[in-house]
Amino acid sequence: MSIIKVHDKEFQPYIGAEELQLRIKEIAAQISKDLAGEKPLFIAILNGSFMFAADVFKYLDIEAEISFIKLVSYKGTKSTGNVVTSIGLDEDLYGRTVVILEDIVDTGKTLNMFLPQLHHQQPKKLLIAALLTKPEALTYPINIDYLGFSVPNKFLLGYGLDYDGLGRNLPQIYQLIEQ
Ligand code: HPA
Ligand code: MG
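Please read these numbers as outputs of a predicted model, since none were measured by experiment.

This brings us to the overall build of the protein chain. For the protein chain, the count of helices and strands is 3 helices and 10 strands. The C-alpha atoms of the protein chain give a radius of gyration of 17 Å, which matches the 16 Å a tight globule of 179 residues would have. With the C-alpha coordinates of the protein chain rotated into their principal frame, the extents come out at 50 × 45 × 25 Å. Out of the 179 residues belonging to the protein chain, those deemed buried represent 42%.

Read from one edge to the other, the open sheet built from 4 strands follows the order β1-β2-β10-β9, with strand pairing classed as antiparallel. Only two strands of the sheet have a single neighbouring strand rather than two, namely β1 (4-6) and β9 (156-157).

In this section: the layout of surface pockets. Each pocket or cavity is described by its volume, and for the largest pocket that value is around 510 Å³. In this structure, the largest pocket is lined by 21 residues; those nearest its centre are Glu 102, Asp 103, Ile 104, Asp 106 and Thr 110. Elements represented by at least two residues in the lining of the largest pocket include exactly β3 (41-46), β6 (97-105) and α3 (109-119). Looking at side-chain class alone, the lining of the largest pocket contains 9 nonpolar, 5 polar and 7 charged residues.

With that out of the way, let us pick up the site of ligand 1. Around ligand 1, the structure places Ile 104, Asp 106, Lys 134, Lys 154, Phe 155, Leu 156, Leu 161 and Asp 162. Separating an oxygen atom of ligand 1 from a side-chain N or O atom of Lys 134 is a distance of 2.7 Å. Taken atom by atom, the bulk of ligand 1 overlaps the largest pocket. Among the residues making up the shell around ligand 1, the classes are represented as 4 nonpolar, no polar and 4 charged.

A separate point is the environment of Gln 117. Within the fold, Gln 117 resides in helix α3. Spatially, the C-alpha atom of Gln 117 lies 9.3 Å from that of Ser 86, the residues being 31 residues apart in sequence. Setting aside residues no more than four positions away along its own chain, Gln 117 makes contact with Val 84 and Thr 85. A distance of 2.4 Å separates a polar side-chain atom of Gln 117 from the backbone oxygen of Val 84.

A separate point is the packing of helix α1 (residues 17-34) against helix α2 (residues 50-59). Remark: α1 packs on α2, axes separated minimally by 8 Å, with the N-to-C direction vectors making an angle of 55 degrees. When the interaxial angle is binned, α1 and α2 end up oblique. Handedness of the crossing formed by α1 with α2: right-handed. For the pair formed by α1 and α2, the contact residues are Gln 21, Ile 24, Lys 25, Ala 28 and Ile 31 on the first element and Phe 52, Asp 55, Val 56 and Tyr 59 on the second. Classifying every residue of the contact of α1 with α2 gives 6 nonpolar, 1 polar and 2 charged.

As a further point, take α2. Looking only at α2, the buried set comprises Met 51, Phe 52, Ala 53, Asp 55 and Val 56. Along its buried surface, α2 packs onto α1, β3, β4 (65-75), β6 and β7 (125-133).

Cut-off values and rules
Residues numbered from 1 in each chain as written. Chains lettered and ligands numbered in written order. Predicted model: local features only at pLDDT ≥ 70, side-chain atom pairs only at ≥ 80, totals over all residues. Heavy atoms only, no water. Helix = DSSP H or I, 4+ residues; strand = E, 2+ residues; numbered from the N terminus. Rg over C-alpha atoms; globule rule 2.2 N^0.38 Å. Buried < 20%, exposed > 50% of the residue type's maximum accessible area, 1.4 Å probe, protein only. Pairing = 2+ DSSP bridges. 1 Å grid on protein atoms, 1.4 Å probe; cavity = no way out; pocket = protein on both sides within 12 Å on 5 of 7 lines; lining within 4 Å. Points joined across faces, edges and corners; volume = space filled by probe spheres on them. Nonpolar A, V, L, I, M, F, W, Y, C, P; charged D, E, K, R; others polar. Near = heavy atom within 4 Å. Polar contact = N/O pair within 3.5 Å; in protein donor to acceptor, adjacent residues only side chain to side chain. Sits in = over half its atoms within 2 Å of the grid points. Contact = heavy atoms within 4.5 Å. Axes fitted to C-alpha atoms, helices over the stretch in contact; angles between N-to-C directions. Parallel < 35°, antiparallel > 145°, perpendicular 65-115°, else oblique. Left-handed = near helix turned anticlockwise from the far one by under 90°.

Here you go:
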């Protein structure tokens, strides 16, 4: 088994590159079937989803658009608590079929705070495609329409996911070895 070290921690292979690609092809095929003729707009949430987004998008065989956004959270007022806003969303979502692309839905907190802003623009449909989710960590209700893998609540690395900035370029997913 090929263990890798990133910063101060060791990681072991968890989901291989081929398995990832096979699952992503299945997701893209399902989306192509479900959304044929709707010219969906995909919204990829940076940074983590860039690899997943690129692969889903290239395996689609329908007409579709893609846009990339960053979510930024900041402290609001006392009454609003933490606020999440997006940078880079120029498209009008009114009447569109929209598919959010996320690398991982962990607690669901950020998406839970952000989705109402998208609903506010009255898209025809608002769907979520996530490569990974950690059911044990999920504390906000997020309905994932297209899911790659359900994983245990352990830290993952690779295929867009980073540990303190590193590891995003790995073509497979690794899991932290807890000491
Ligand atoms: N790894 C990297 N980034 C993350 C994770 C993870 O397991 N969960 C949420 N962001
Ligand atoms: Mg990160």
